Structure formats: C-alpha cells, structure tokens
Amino acid sequence: MISCSIRTNGRIAVTFSDAAPARIGQRVGVAGDFNGWDPTATPMRWGPGGHMATVELEAERHRFRYWSSRDGWFNDDSASSYEFNEFGQKNCVLNLAVPHAGLRRSAAVFEPA
C-alpha cells in the first residue's frame, strides 16, 4: 500500500507498506529509480501495519518494487499501473507528476481531481 502527503518544501512524503504476515521476520526493502534500485538503500521497518518505509520524492513519475530476503522481488498490489523492465518483469509505477492544487487521495497514489 502507498500513502502520500505533500511537504512544505514541495516534495512528497511517500510511505510504502507491506502488511503480508508471511514476511514477518524477513528483511524487506523498497527499491526504485529514486534510490538506484538498491534493495538495501531503503529498508522497511516492521511495526503496526506491517513493514513500512517513508521517503521524500520529487513530484514526478517513479518506478519501484519491493524486495524481501526470502521472496525476492515483488510488487505492490495497489500500484496505479505497471510497466515492464529490461528483465521482462513488471515494475510498479507511482505518478506524482500532477499539480499539487488538484490532488485527491486514492487508495494507491494521488491522482488529478
């Protein structure tokens, strides 16, 4: 699941979460074009609601996936769209490139109102 909030500096705080009970005790991270696709660069911490990590991103289009120490790469089921990568697998797409004034909250991302 993905939730977003606009910061006063114009960047967007994005919280990525994975509540799958099967991943309790695993190392889980989020990797994407915003961290060089390094699955260890943005580790997700276990807490109420599952594994979670928050990053501040520019208001543009981002691609990402999750990685776990046991399951390997997996996607967020609530992503607004997906696109194939050079390995033939799907990346999640998070489109934050929308005007801030016309945002409304969606289950997955902010979308134009």
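**Let's talk about the nonpolar core**
Reasoning step 1: By size, the foremost hydrophobic cluster in this structure holds 18 residues, and its most contacted members are I2, V14, F16, F64, Y66 and L94.
Reasoning step 2: Elements supplying a minimum of two residues to this core: β1 (2-6), β2 (12-18), β3 (28-32), β5 (50-57), β6 (61-68) and β9 (90-95).

**A closer look at the pairing of β1**
Reasoning step 1: By the bridge criterion, 5 bridges tie β1 to β2 in an arrangement that is antiparallel. The partner of S3 across the bridge, within β2, is T15.
Reasoning step 2: Between β1 and β2, which follow one another and run antiparallel, lie 5 residues, and G10 among them has a positive phi close to 90°.

**Regarding the environment of G50**
Reasoning step 1: Mapped onto the elements, G50 comes out in strand β5.
Reasoning step 2: Among all residues touching G50, those that are not within four sequence positions of it are D18, A19 and R45.

**A short note on the side chain of H62**
Reasoning step 1: Among the structural elements, H62 can be located in strand β6.
Reasoning step 2: Since its relative accessible area comes to 4%, H62 is described here as buried.
Reasoning step 3: Reaching out from H62, the side chain makes a polar contact with the side chain of D33 at a distance of 3.4 Å.
Reasoning step 4: Discounting chain neighbours no more than four positions away, the residues touching H62 are D33, F34, L57, C92, V93, L94 and L96.

**Focus on the pattern of salt bridges**
Reasoning step 1: Taken as a whole, this structure holds 9 salt bridges when the rule is applied.
Reasoning step 2: Ionic pairing is found between D71 and R23, a salt bridge with its closest N-O pair at 3.1 Å. Here the residue D71 occupies a position in the loop between β6 and β7 (72-74), and R23 occupies one in the loop between β2 and β3, the gap between them amounting to 48 residues.
Reasoning step 3: Residue D71 is classed as partly exposed on the basis of its relative accessible area, which comes to 35%.
Reasoning step 4: What emerges from the salt-bridge pattern is a single network uniting R7, R11, E56 and E58.

**Observations regarding the environment of P43**
Reasoning step 1: With respect to the helices, strands and loops of the structure, P43 is situated in strand β4 (residues 43-47).
Reasoning step 2: Residue classification places P43 among the partly exposed positions, given a relative accessible area of 35%.
Reasoning step 3: Distance in space between the C-alpha atoms of P43 and A31 is 8.9 Å, their sequence separation being 12 residues.
Reasoning step 4: Not counting chain neighbours up to four residues away, the residues in contact with P43 comprise V28, G29, M52 and A53.

The rules behind each value
- Residues numbered from 1 in each chain as written.
- Predicted model: local features only at pLDDT ≥ 70, side-chain atom pairs only at ≥ 80, totals over all residues.
- Heavy atoms only, no water.
- Core = buried A, V, L, I, M, F, W, Y, C linked by side-chain atoms within 4.5 Å.
- Buried < 20%, exposed > 50% of the residue type's maximum accessible area, 1.4 Å probe, protein only.
- Helix = DSSP H or I, 4+ residues; strand = E, 2+ residues; numbered from the N terminus.
- Pairing = 2+ DSSP bridges.
- Contact = heavy atoms within 4.5 Å.
- Polar contact = N/O pair within 3.5 Å; in protein donor to acceptor, adjacent residues only side chain to side chain.
- Salt bridge = Lys/Arg side-chain N within 4 Å of Asp/Glu carboxyl O.

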